[in-house]
Amino acid sequence: IAGRNIPDYLRKYTNRLGLDRYVTFTESPKDLHLLFESHRMFIAPHLYGSGIQFKLSEALSSGIPCVMSKLSADAFGITEESEVACIGSDPKSFTSCVLSLDGDELGWNKIQENGMLFIQQTHSRQKVLKDWKGVIQEAT
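Residues numbered from 1 in each chain as written. Predicted model: local features only at pLDDT ≥ 70, side-chain atom pairs only at ≥ 80, totals over all residues. Heavy atoms only, no water.

Participant: Would you mind going over unusual backbone geometry with me for this structure?
Facilitator: Not every positive phi belongs to a glycine, and N5 is a case in point at roughly 55 degrees. Take N5: it is sitting in the loop between β1 (2-3) and α1 (8-16). A relative accessible area of 62% means that N5 is categorised as exposed. In this structure, E83 takes a positive phi of about 55 degrees despite not being glycine. Relative to the elements of secondary structure, E83 occurs in the loop between α4 (70-76) and β5 (86-88). (Helix = DSSP H or I, 4+ residues; strand = E, 2+ residues; numbered from the N terminus. Buried < 20%, exposed > 50% of the residue type's maximum accessible area, 1.4 Å probe, protein only.)

Participant: Looking at this structure, I do not really get the state of the cysteines. What am I missing?
Facilitator: One covalent bond between the sulfur atoms of two cysteine residues makes up a disulfide. A complete count under the given rule lists one disulfide for this structure. Here C86 pairs with C97 through a disulfide, and the sulfurs are 2.1 Å apart. Handedness of the C86-C97 disulfide follows from its S-S torsion of about -75 degrees: it is left-handed. In this pair, C86 sits in strand β5 while C97 sits in helix α5 (residues 91-103), placing the two residues eleven residues apart along the sequence. Residues C86 and C97 agree in their burial class; the two are buried. (Disulfide = S-S within 2.5 Å.)

Participant: Sorry, what's going on with the sheet that holds strand β4 (residues 66-69) here?
Facilitator: In sheet architecture, strand pairing relies on hydrogen bonds along the backbone and comes in two forms, parallel and antiparallel. The strand order across the open sheet formed by three strands is β3-β4-β5, and the pairing between neighbours is parallel. Two strands close off the open sheet at either side, each with one partner strand: β3 (42-44) and β5. With strand direction ignored, the average angle separating the axes of adjacent strands in the sheet is 20 degrees. Pairing geometry for β3 and β4, over three bridges, is parallel. (Pairing = 2+ DSSP bridges. Axes fitted to C-alpha atoms, helices over the stretch in contact; angles between N-to-C directions.)

Participant: I tried to follow α5 on my own but got confused; where do I start?
Facilitator: Since there are 3.6 residues in each turn of an α-helix, residues three or four apart along the chain are aligned in direction. In this model α5 runs 18 Å from its N-terminal to its C-terminal C-alpha over 13 residues, within 8% of the 18 Å that 1.5 Å per residue would give. Considered for burial, the residues of α5 that qualify are S93, F94, C97 and L101. For α5, the arc enclosing every buried residue in end-on projection is 105 degrees, short of the 170-degree limit, so these residues lie on one face. Seen from the buried face of α5, the exposed residues on the opposite side, beyond 90 degrees, are P91, K92, L99 and G103. The inward-facing, buried residues of α5 contact β3, β4, β5 and α6 (105-123). With a side-chain oxygen lying 3.0 Å from the backbone nitrogen of K92, the N-terminal cap of α5 falls on D90. (Expected span 1.5 Å × (residues − 1). Arc of directions from axis to C-beta. Contact = heavy atoms within 4.5 Å. Polar contact = N/O pair within 3.5 Å; in protein donor to acceptor, adjacent residues only side chain to side chain.)

Participant: Mind showing me how you'd approach the layout of surface pockets here?
Facilitator: Empty pockets left among the atoms are what a rolling probe the size of a water molecule brings to light. Estimated volume of the largest pocket: approximately 2200 Å³. In this structure, the largest pocket is lined by 45 residues; those nearest its centre are I1, A2, I43, P45 and H46. Looking at the lining of the largest pocket, the elements that each hand over two or more residues are β1, α1, α2 (32-37), β3, α3 (52-61) and α5. Broken down by element, the lining of the largest pocket gets its largest block of residues, six residues, from α5. Here the lining of the largest pocket is built from residues that sort into 26 nonpolar, eleven polar and eight charged. (1 Å grid on protein atoms, 1.4 Å probe; cavity = no way out; pocket = protein on both sides within 12 Å on 5 of 7 lines; lining within 4 Å. Points joined across faces, edges and corners; volume = space filled by probe spheres on them. Nonpolar A, V, L, I, M, F, W, Y, C, P; charged D, E, K, R; others polar.)

On their own, these measurements won't tell you what the molecule is for.
Okay, here's the thing in structure tokens:
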């Protein structure tokens, strides 16, 4: 778990469940890429949050399969059928996404490849420049 102002109750809950050897806490990480390199997936159960779309974009472009909320997926235009990310809508479906991605190497690889391709097609420098060129041409 990484972020700013991580609630202490999360640490206590993790310890109480005996999950402290599986769950780490990083307060205000300076470089997300270091976290991406050392973790298997990016889990973003956000219902709101400033900057989460940027973090998801970075994770996808770094080749980290993502488990995200329907709200985040909708903001990106990602559907379940696209197999770009695993989309969870409640605690049970988030758990199912995490367990299925962690236990299925072929599925993990497919989500990884599709996520990187999606970002290249929708958020790459070339795509953004092309879109802006179109906007400027329409405006003149």
